[in-house]
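Close look at the chain arrangement
Next come the chains, spelled out residue by residue.
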Amino acid sequence: MSGNALLFWMSARRQGSWQQFRTAVEELHLGESNDLGGEDDDTPDQFALPLYQTLRFNLQRLGHAEFFAGASGADWRVTPPSLAVTQHARGWLGILVGARSPALLQRLHGAVGPANLETLAFPAYPDQILVTANDQGAVAERAGLLLQSDAPAALLMSLPPIDDACVRYPAQLPFGADWRIDRFSSEDLGWRFATLDDAASASGGLFRFSLRHQRHVLFCARGAAFRIPGQVGKYLVLRRRRRQVLRYDAQKRLLAVPASCRPPFLVERALISCSGSPPTYEAGGPATGLLHYTEIPQAIASLASALLRQELR
């Protein structure tokens, strides 16, 4: 059974607890997937994500649901049904985002009229439903959907850059000798074994502390430690090391990033909303492959690279 059943279930409940979400994944018999994992998904290792985490991250990066901090007091909540609209190479493209039901899908099919409606299936994701029409506002109104105009640019322009102080919070280094400690390397873009002394003396490094089911990602600088989203921390390290990893082909409208340095959730959500398709994976060397984001306009690529403090090449 695909992720469609999970999104239908979430849409009916609207919000819930983390345990309810995990139970639903098990009871709906969602099959295992080879799709790329989540926020911290490097090459497969002992930290490989379970299926419920992969589904959570995929729902989040497509904008169908928010979890924990973004869930307004619940562990998760489904977002309101919306049509996220962007200027596409072939015209205006609308992507169905958020809560859905069989009745809503039926209304959408009836509201499209002469426009084109396309359904794309991807492993470990709900179907992506795309509408190509000149008047996306009329389609959204007839179907009872909210309208998100120029969604990629609007989202990116609302985000702080990765070196803004608001994206990290003071923390203490974990105490005890049982923690496994790894440090993110800007050279090979992977995690390498480190020690507590390395973290305490770092002038600016990203460290991962793991113990059983606990994991903390901390940015350490001059004796201070800060909680920070893993992918944000990686780009902060790359900025400090002046390492450029983004590649953009304006003619093909293609943005490529190393798989271990996939953009933070909301930046990636904006990139995906340009085409409606999750990134494709190209196998690379032993350390990391590449993620390719398609149909990315020059302006959106520039906004994303500015937030990540990268230069387009």
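Residues numbered from 1 in each chain as written. Predicted model: local features only at pLDDT ≥ 70, side-chain atom pairs only at ≥ 80, totals over all residues. Heavy atoms only, no water.

1. With respect to the overall build of the protein
Spelled out, the test is: A run of H or I in DSSP becomes a helix once it reaches four residues, and a run of E becomes a strand once it reaches two; helices and strands are each numbered from the N terminus. In this treatment the radius of gyration is a C-alpha quantity, and the globule benchmark scales as 2.2 Å times the residue count to the 0.38 power. In this scheme, a residue with accessible area under 20% of its type's maximum is buried, one over 50% is exposed, and one in between is partly exposed, where area comes from a 1.4 Å probe on protein chains only. Residue contacts follow a heavy-atom distance rule, with two residues in contact if any of their heavy atoms lie within 4.5 Å. Computed by Shrake-Rupley with a 1.4 Å probe, the accessible areas treat only the displayed protein chains as cover when residues are assessed.
On a plain count of helices and strands, the protein comes out with ten helices and 18 strands. Relative to the 2.2 N^0.38 estimate, which gives 20 Å for 313 residues, the radius of gyration of the protein is 20 Å and therefore close to what a compact globule would have. Evaluated residue by residue, the protein yields a buried proportion of 53% over its 313 residues. Looking at the protein alone, contacts between residues at least 24 apart form 62% of all its contacts between residues at least 6 apart. Carbon and sulfur atoms make up 52% of the accessible area of the protein, which amounts to about 14900 Å² in all.

2. Concerning the packing of aromatic side chains
The condition is simple: Aromatic pairs are defined between Phe, Tyr and Trp rings, using the six-membered ring for Trp, whenever the two ring centres lie within 6.5 Å; interplanar angles under 30 degrees are classed as stacked, those over 60 as edge-to-face, and all others as tilted.
Per the counting criterion, the structure on display carries ten aromatic pairs. Ring centres of Trp 9 and Trp 76 lie 5.6 Å apart, and the angle between their planes is 40°; on these two criteria the pair is classed as tilted. You can see Trp 9 sitting in helix H1 (residues 3–13) and its partner Trp 76 sitting in strand E3 (residues 76–78), a full 67 residues away along the chain. Overall, the relative accessible area of 0% leaves Trp 76 in the buried class.

3. Some thoughts on the environment of Arg 247
With respect to the helices and strands, the residue Arg 247 is situated in strand E15 (residues 247–249). Each C-alpha atom of the pair Arg 247 and Ala 121 lies 27 Å from the other, and the pair is 126 residues apart in sequence. Residue contacts for Arg 247: discarding those within four places in its chain leaves Leu 254, Leu 255, Ala 256 and Arg 313.

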